[in-house]
Amino acid sequence: AAVRRVLLLGEGNFSFAASLCGAAGIHIVATCYESEEEVSRLGGAAESIRRLRESGAEVVFSVDCTKLKAYFLPEQRQFDCIYFNFPHCGKKAGVVKNRELLARFFHSSSEVLTEEGEVHVALCNGQGGTPADQPRREWHNSWQIVAVAAGARFILSNVHPFKAETIHGYKHTGYRSQDKSFCVDGALNHVFTRSMPLPYFKPMICEIELESRKVSFQVPRVLVDKINRGFLELNSNHPVRTVKEKLTAELSQAFPLKNADYCLSLLHQGHLNGVCHSNIFWITLSPEEETPSTEEMSNGLANAVLFSHVDFCRDADKNGWVNVQEGCRISNQYYLRPSLLPYAQAMVQKGAVLPGTLHVLSGPIFRKCLITPYSMPVFHEMVFVCAVNRGIENSCIDMLMKNIKTSIHSLHQTVSGFKPNINLKEAMSFETPELNDFASFESQLGKIQYFICMETDTSGSCEKSSCVGIIRTAHYELVSSELVVVFASLNLDLLAMLICGISDWRILWTSDTRFFCQFPRGELRLFKSFSLYPPSYVHDVSFWLPDGEPFDEVAFHTIARQVSSEMVVSIQLIDSFQQSETGRKSLCYRLTFQSCDKALSRTEVAEMQLLFRKEINQRLCVTLR
């Protein structure tokens with residue numbers, strides 16, 4: 001096995017470094033800020049240094065932790081682990097100076113750490129400012145270690161007690177720069193790893209065949225990293241696919257089963273009765289010969305009218321329902337499919353549904369929605385279609401639910417050790433406030449008989465009861481006999497979240513290998529976050545609404561998703577005001593920015609907020625205050 005290089009900083013009396021002497025598979029480079037002469041006056045230091053040198057370790061004096069690159073040759077700047085126990089500026093330095101020290105230390109560490117390396121920082125109880133500290137200090141009175149580390153692209157991946165009493169020979173000294181001990185009761189070791197960079201998405205062109213002709217369209221910016229991810233493909237180990245395969249296998253035991261995924265287009269055309277157009281990703285097609293290159297798109301040469309998705313149309317009535325007008329460029333307009341139900345209905349109308357056979361459709365669908373923990377602008381839907389003779393539709397629904405329950409119970413019990421409560425709730429008895437975004441949109445598509453609800457208690461991270469699917473029926477005159485067609489729809493992403501204890505839908509779309517390695521060969525397990533206690537940042541924005549025009553809140557939230565690359569986790573209306581003289585109305589919203597898998601710094605958030613202000617001014621015609 002390769003020898004791991006370990007760098008120890010701020011050692012003082014070198015007792016911690018000496019405790020590692022003889023550890024297999026590591027090469028120690030122990031350093032301190034003081035000179036050799038100053039260290040020699042500290043109790044026990046000489047003996048620790050002697051032991052280190054005899055064991056083959058390197059001992060280096062007068063090392064500034066904020067300039068590490070200067071002390072090592074290029075070929076020596078590859079440390080697998082860096083330890084900095086109880087950093088401090090010295091004497092009576094306050095939290096601000098110690099934050100600055102940590103900030104410079106993390107930047108310096110990034111220059112000498114391997115890509116897969118770790119940075120360990122031990123702090124006294126309360127200093128870090130994370131929920132792991134008990135008691136927890138107020139944020140402004142802490143060292144804000146996760147936010148400081150984020151500035152150098154590090155995330156907190158683990159935190160555990162620093163048990164000084166278990167470290168043989170360790171003496172923690174340095175109280176106010178003296179050879180005196182300090183209290184380490186409740187101290188914590190914070191383990192940081194490198195973050196993936198924040199995404200920067202270039203314009204993306206999607207080419208497809210539609211009605212026997214090749215067409216192209218620009219992917220909406222908020223979906224660029226979510227188109228064609230292939231989660232449901234054969235070679236995928238993604239938990240969403242595992243859930244789908246388990247459901248399919250279980251249902252195939254009870255029904256003849258036919259898969260109909262192959263014919264589903266990403267784009268749909270035609271009127272969706274009852275659907276608010278603000279929830280739709282409108283697309284303008286461009287013939288293949290008129291498609292600009294990606295380079296031309298990057299240079300801004302694409303004709304916005306010829307070749308663009310239509311994100312926002314301001315010709316709307318007071319309820320937010322868009323009047324389709326030529327001025328909005330959405331006549332003869334296509335849109336990214338918001339549901340697989342129209343495809344299932346088309347199969348029935350064409351007579352392609354065999355009575356008694358369960359037809360299965362699955363794939364990603366796209367919906368503009370407000371920002372909440374369980375509102376997904378894209379997720380994978382699974383639709384079941386079964387035509388049965390009139391009068392036995394309830395038996396079909398019972399059998400369908402029994403097998404869905406069995407497969408979900410099996411998956412959840414394997415992962416968590418208990419069976420969740422899954423039941424049908426009649427649509428008439430289901431209170432509107434209980435509907436999540438998935439169920440609310442489904443209600444727009446037509447009458448629903450039942451909601452499929454799942455109750456879990458996965459560490460309190462998920463809602464007590466979540467609607468994960470719906471069941472509706474419809475009557476059709478087919479082959480001279482009247483059949484009842486049962487349609488069932490499941491949100492595979494939400495099921496995967498509830499089964500694996502995932503509290504943030506965004507993590508399903510991460511590109512970080514630390515997510516995928518937790519599900520080897522498609523096995524489902526409880527997800528363990530690799531970015532703990534990510535910092536959050538709050539910004540307010542207030543503006544005057546344009547006179548006489550309704551405010552499209554879904555468009556407002558969609559712009560926030562776009563400019564922040566899904567880093568906005570909450571938008572709250574905190575104030576509204578109307579001038580009595582003019583009737584002008586002003587709104588004030590509070591945005592909370594937070595990443596679930598990447599380092600997010602205060603500076604980056606400030607840039608996102610500025611861009612957000614600019615975009616809402618231009619796109620929604622609001623007047624900033």
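Since we're looking at a predicted model, the values are computed, not measured.

1. So, the overall build of the protein
Turning to step 1, where the next piece is worked out: On a plain count of helices and strands, the protein comes out with 14 helices and 25 strands.
Turning to step 2, where the next piece is worked out: For the protein, the residues scored as buried account for 52% of the 625 residues in total.
Turning to step 3, where the next piece is worked out: Pairs at least 24 residues apart make up 71% of the contacts formed inside the protein by residues separated by at least 6 positions.
Turning to step 4, where the next piece is worked out: With an accessible surface of roughly 28,800 Å², the protein has 49% of that area assigned to carbon and sulfur atoms.

2. Considerations on the sheet that holds strand 3 (residues 58-60)
Turning to step 1, where the next piece is worked out: A sheet is described by the order of its strands in space; here seven strands give the open sequence 3-2-1-4-5-7-6, paired in mixed fashion. Since the sheet does not close on itself, it has two edges, and those belong to strand 3 and strand 6 (154-161), each with one partner. Put simply, the sheet's adjacent strands are angled 20° from each other on average, direction ignored.
Turning to step 2, where the next piece is worked out: Along the sheet, helix 4 (residues 95-109) makes contact with strand 1 (4-9), strand 4 (79-85), strand 5 (113-123), strand 6 and strand 7 (188-194), crossing strand 5 at roughly 155°.

3. Some remarks on the pattern of salt bridges
Two side chains of opposite charge can pair, provided their charged atoms sit close to one another.
Turning to step 1, where the next piece is worked out: One pass over the full model with this rule turns up 18 salt bridges.
Turning to step 2, where the next piece is worked out: Here R41 makes a salt bridge to E37, at a shortest N to O gap of 3.9 Å. Each member of the pair, R41 as well as E37, is classed as exposed.
Turning to step 3, where the next piece is worked out: For R521, the salt bridge is made with E523, and the minimal N-O distance between the two is 2.7 Å.
Turning to step 4, where the next piece is worked out: Linked through salt bridges whose partners overlap, the residues forming this network are E47, R50 and E54.

4. Comments concerning the confidence of the model for the protein
Turning to step 1, where the next piece is worked out: Averaged over all residues, the pLDDT of the protein is 85; the fraction at 70 or higher stands at 87%.
Turning to step 2, where the next piece is worked out: Across residues 294-331, confidence stays below pLDDT 50; counting only partners more than four residues off in sequence or on other chains, it has 87 contacts.
Turning to step 3, where the next piece is worked out: Ignoring residues within four places in sequence, the model shows residues 458-463, a span with pLDDT below 50, making 14 contacts including any to other chains.

5. A short note on the sheet that holds strand 22 (residues 537-544)
Turning to step 1, where the next piece is worked out: Overall, antiparallel pairing links the four strands, which are arranged 23-24-22-25 in an open sheet. For this open sheet the edge positions go to strand 23 (568-578) and strand 25 (623-624), each flanked by a neighbour on one side alone.
Turning to step 2, where the next piece is worked out: For strand 22 and strand 25, the ladder comprises two bridges, and the chain directions are antiparallel. Considered in strand 25, the bridge of F543 is made with L624.
Turning to step 3, where the next piece is worked out: Together, strand 22, strand 24 (585-593) and strand 25 form the strand contacts of helix 14 (residues 602-619), whose direction differs from that of strand 22 by roughly 15°.

6. Describing the packing of helix 6 (residues 239-251) against helix 11 (residues 492-500)
Helices that pack against each other are described as a pair by the angle of their axes relative to one another and the distance between those axes.
Turning to step 1, where the next piece is worked out: Between helix 6 and helix 11, the least distance of the axes is 9 Å, while the angle of their chain directions is 100°. Taken together, the axes of helix 6 and helix 11 lie roughly perpendicular to each other. For the pair formed by helix 6 and helix 11, the contact residues are P239, V240, V243, K244 and L247 on the first element and L492, D493, L495, A496, I499 and C500 on the second.
Turning to step 2, where the next piece is worked out: Within the contact of helix 6 with helix 11, the residues separate by chemical class into nine nonpolar, no polar and two charged.

7. Quick notes on helix 13 (residues 553-564)
Each α-helix winds once per 3.6 residues, and so residues spaced three or four apart point in a common direction.
Turning to step 1, where the next piece is worked out: For helix 13, spanning 12 residues, the distance from its first C-alpha to its last is 17 Å, which sits close to the expected 16 Å at 1.5 Å a residue.
Turning to step 2, where the next piece is worked out: With 11 of 12 residues buried, helix 13 lies mostly within the body of the structure.
Turning to step 3, where the next piece is worked out: Within the sequence span of helix 13, burial applies to V554, A555, F556, H557, T558, I559, A560, R561, Q562, V563 and S564.
Turning to step 4, where the next piece is worked out: Considering only its buried residues, helix 13 is in contact with strand 22, strand 23, strand 24 and helix 14.
Turning to step 5, where the next piece is worked out: For helix 13, the N-terminal cap is D552; the gap from its side-chain oxygen to the backbone nitrogen of V554 is 3.2 Å.

8. Some points on the environment of P131
Turning to step 1, where the next piece is worked out: Along the chain, P131 falls in the loop between strand 5 and helix 5 (145-150).
Turning to step 2, where the next piece is worked out: The spatial distance from the C-alpha of P131 to the C-alpha of Y533 is 7.3 Å, given a sequence separation of 402 residues.
Turning to step 3, where the next piece is worked out: Those residues in contact with P131 that lie beyond four places of it in its chain are R136 and Y533.

9. Considerations on the environment of R99
Turning to step 1, where the next piece is worked out: Inspection of the secondary structure puts R99 in helix 4.
Turning to step 2, where the next piece is worked out: Spatially, the C-alpha atoms of R99 and I145 are 7.4 Å apart, while their sequence positions differ by 46 residues.
Turning to step 3, where the next piece is worked out: Apart from residues no more than four positions distant in its own chain, R99 is found in contact with W139, H140, N141, S142, W143, Q144 and V148.
Turning to step 4, where the next piece is worked out: Of note is the side chain of R99, whose polar atom sits 2.9 Å from the backbone oxygen of S142.

10. A look at the packing of helix 13 against helix 14
Turning to step 1, where the next piece is worked out: Here helix 13 crosses helix 14 at 140°, and the two axes come no closer than 9 Å. When the interaxial angle is binned, helix 13 and helix 14 end up oblique. Between helix 13 and helix 14 the crossing geometry is right-handed. Two secondary-structure elements touch here, helix 13 through F556, I559, A560, Q562, V563 and S564 and helix 14 through M608, L611, F612, E615, I616 and R619.

Thresholds applied
- For every chain, the first residue of the written sequence is number 1, and numbering continues from 1 onward in sequence order.
- Selection of residues for local features in this predicted model requires a pLDDT of at least 70, selection of side-chain atom pairs for listing and counting requires 80 or more, and totals for whole chains, interfaces and linings are taken over all residues.
- Calculation of side-chain values draws on the structure's entire complement of heavy atoms; hydrogens and water are dropped beforehand.
- Only DSSP runs of H or I with at least four residues qualify as helices, and only runs of E with at least two residues qualify as strands; both kinds are numbered from the N terminus onward.
- The buried label goes to any residue with under 20% of its type's maximum accessible area, the exposed label to any with over 50%, and the partly exposed label to all in between, with areas taken from a 1.4 Å probe on protein chains only.
- Pairs of residues are marked as contacts when any of their non-hydrogen atoms sit within 4.5 Å.
- Each accessible area value is a Shrake-Rupley result obtained with a 1.4 Å probe; residue values ignore everything except the protein chains displayed when judging cover.
- Two strands make a pair as long as DSSP finds a minimum of two bridges between them.
- Every angle, taken between N-to-C directions, lies between 0 and 180 degrees, and every axis is a line fitted to C-alpha atoms, over only the stretch in contact when it is a helix.
- Should a side-chain nitrogen of Lys or Arg be within 4 Å of a carboxyl oxygen of Asp or Glu, the pair is scored as a salt bridge.
- The quantity known as pLDDT measures the predictor's confidence residue by residue, on a range of 0 to 100.
- Small angles under 35 degrees read as roughly parallel and large ones over 145 as roughly antiparallel, with 65 to 115 read as roughly perpendicular and the rest as oblique.
- In this count, Pro and Cys sit with the nonpolar residues alongside Ala, Val, Leu, Ile, Met, Phe, Trp and Tyr, while Asp, Glu, Lys and Arg are called charged and the others, Gly among them, polar.
- One less than the residue count of a helix, multiplied by 1.5 Å, gives the span that helix is expected to have.
- In protein, a polar contact requires one atom able to donate a hydrogen and another able to accept it; more generally it is a pair of N or O atoms within 3.5 Å, and residues adjacent in sequence count only if both atoms are side-chain atoms.
- Each crossing is labelled by how the near helix is turned from the far one, with a counterclockwise turn of less than a right angle marking it left-handed and a clockwise turn marking it right-handed.

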